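If you want the building blocks of each chain, they are given just below.
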Amino acid sequence: MERIQKTGTAPVRLAIIGSNGYASELIKRIWTIPRTVQLSAIVAPDPRDPILEDCRANAVQIYPDVDSMLSGIGEDCKAILNPTPIHLHEEIAAQCLRAGFTLLQEKPPFPTIQQHDAITEKARESGVSVGVCFNSIYSHLVQRLKAELVSGRFGKVKSIRSIGAWIRTDRYFERSRWAGRLRLDGKWVLDGSLHNPFAHLLANSLYLAAPAHAAMAEPRIVTGEFYRGHMIESEDTASVRVTTREGVPIVCNLTLCPETELAPTTVLDTEEAEIQLINFSRIVIRYSDGRLEHRESYKEDRIEMLEYFSHSLTNGEAFLCDLNISRPFTVAVNAAFDSHGLPAPIPNYDLQRHPFGDSIQTVITGINDWLARAHKSGSLLSEIGVPWASPGTPVDTNGYARFPSVQSCFKQRPVDAVS
């Protein structure tokens, strides 16, 4: 199952667009596996970024913008990593494809399904591959579980439930212009708990629910509920149900305004077992006959992802997750926003704000208990009597090809009216 660079094979050379934020995290991990992957070039708009000193020491070519990098790098560069702000994904992906470079697109792939489909078509026309960086999918832990599910070892998947609660302070939403935004400069962003920090929970759930190996399950009906405790446009608390075409309900209950953090956990209820994927790094299997099995990850999944990309690029193999495979994720997110429209503000009397480190933490009173109850029963927040929760309108995703859709709740409450 593990794919690593073969002995004697030259490392795969990659370029990356960006030098701070998440891009810097990927750069640091590239440097931990120099016999597998090497950094060839980098786009660094700010020459003061601290990581550039190490880039120069490692003979990495530094460019001020995407165009200069695309015209400057040579054929020895096998692919380009694109961990740029969400609203720029489509524009930069199109630039890379026009230049003929294989693209490794950071999650979430694109804000809207029409952008996702447009880049998919551009990639098809140009004959260029696009991998999608849902790094948890590339982990040995998830790949082994996926193979076992497809083989029928645990019987059919009956339902999937996910929960996650991470603290994100005011500083998190102040770190960039696009953080916490629905739109920016006329472009969709849809930043929030579902589409960004906890995107892996939804992506993993769709991937593990699909009966075929190289697939995510197709959504059939999507119902979303979005709320905000912070003073932002988008959501920081989400409750979403996706019913797949095979009839498997997938429920995600998430917040960035918790009292205390809860490790992101996905529970698969199957005919033969209950399977928990905890913090993307540990699996606990409780078999129906009473047996208990524990599995641990032996390596960080972002490093495993880079190793998979290296192997695929070296051997000409298809990516584990590409634009076609990840399309159901974009459909599910878009339909969830269509279902609820603008995120509803949490009433002030249900909020607490207090110092946290060098910033301010916002807490929704009682949210940990509400999330735990909804998660245990596979319910949405509005279904368990949360006083500030409001149900979304179920969205039929048959033929879904544009966000906002004709039936979108955004039509009733235009996002451009958000202050």
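As the structure is a computational prediction, the values presented were derived from the model and not from experiment.

(A) Spotlight on unusual backbone geometry. A cis amide bond links Lys107 with the next residue in sequence, Pro108, at an omega value of -15 degrees. Phi is positive for Asp185, which is not a glycine, with a value near 50 degrees. Structurally, Asp185 is set in the loop between β8 (183-184) and β9 (187-188). Residue class for Asp185 comes out exposed when judged on its relative accessible area of 55%. In this structure, Leu190 takes a positive phi of about 55 degrees despite not being glycine. By the secondary structure assignment, Leu190 is in the loop between β9 and α8 (199-209).

(B) Looking closely at the pairing of strand β14 (residues 273-278). Most of β14 sits inside the fold, with 5 of its 6 residues counted as buried. Sheet topology places strand β13 (residues 262-270) next to β14; 5 bridges connect them, and they run antiparallel. Across the sheet, residue Asp269 finds its bridge partner in β14, namely Glu274. A loop of 2 residues connects β13 with β14, the two strands running antiparallel in sequence. Direction of pairing for β14 relative to strand β15 (residues 282-287): antiparallel, over a ladder of 6 bridges. Paired with Ile278 across the two strands is Arg282, which belongs to β15. In this structure, the hairpin formed by β14 and β15 is closed by a connection of 3 residues, where Asn279 is found at a positive phi of approximately 55 degrees.

(C) Highlighting the nonpolar core. Within the largest apolar cluster, 116 residues are counted, with the highest numbers of intra-cluster contacts made by Met69 and Met216. Among the elements that take part in this core, helix α10 (residues 323-340) stands out by supplying 9 residues, more than any other. Residues contacting Met69, with those up to four places away along its chain left out, are Ala15, Ile16, Ile17, Ala41, Ile42, Val43, Tyr63 and Ile80. Membership of the second largest hydrophobic core comes to 17 residues, among which are Ile346, Leu351, Val386 and Ala389.

(D) Here's a closer look at helix α11 (residues 367-377). All of the buried residues along α11 are Ile367, Asn368, Trp370, Leu371, Ala374 and His375. Viewed end-on, α11 has its buried residues packed into an arc of 160 degrees, placing them on one side of the element. The secondary structure elements touched by the buried residues of α11 are β7 (157-165), β11 (237-244), β12 (249-255), β13 and β19 (359-364). Positive backbone phi, approximately 65 degrees, marks Gly378, located one or two places after α11.

(E) Focus on the sheet that holds strand β3 (residues 61-63). In space, the 6 strands of this open sheet follow the order β3-β2-β1-β4-β5-β6, with parallel pairing throughout. In this open sheet, the two edge strands, each paired with only one partner strand, are β3 and β6 (130-133). Neighbour-to-neighbour, the strand axes of the sheet open up by a mean angle of 25 degrees, direction not taken into account. Across 4 bridges, the pairing between strand β4 (residues 77-82) and strand β5 (residues 102-106) is parallel. Looking at the pairing, Ala79 lines up with Thr102 of β5. Helix-sheet contacts for helix α4 (residues 89-98) involve β1 (12-17), β4, β5 and β6, and the interaxial angle to β5 is about 165 degrees.

Cut-offs used in this document
- One numbering rule holds for all chains: residues counted from 1, following each sequence as written.
- In keeping with the predicted nature of the model, local features appear solely for residues at pLDDT of at least 70, side-chain atom pairs appear and are counted solely at 80 or more, and the whole-chain, interface and lining totals rest on all residues.
- Excluding hydrogens and water, the side-chain figures rest on all heavy atoms present in the structure.
- Starting at the N terminus, helices and strands are each numbered in turn, a helix being any DSSP run of H or I of at least four residues and a strand any DSSP run of E of at least two.
- Here's how the labels work: a residue is buried when its accessible area is under 20% of the maximum for its type, exposed when over 50%, partly exposed in between, all with a 1.4 Å probe on protein chains only.
- By definition, two strands form a pair when at least two bridges between them are found by DSSP.
- Joining through side-chain atoms within 4.5 Å is the link that ties buried Ala, Val, Leu, Ile, Met, Phe, Trp, Tyr and Cys residues into a set, and such a set is a nonpolar core.
- Residues count as neighbours in contact if any of their non-hydrogen atoms are within 4.5 Å of one another.
- To obtain the arc, one takes the directions from the helix axis to the C-beta atoms.
- Between N-to-C directions, angles cover 0 to 180 degrees, with each direction set by a line fitted to C-alpha atoms, over the stretch in contact for helices.

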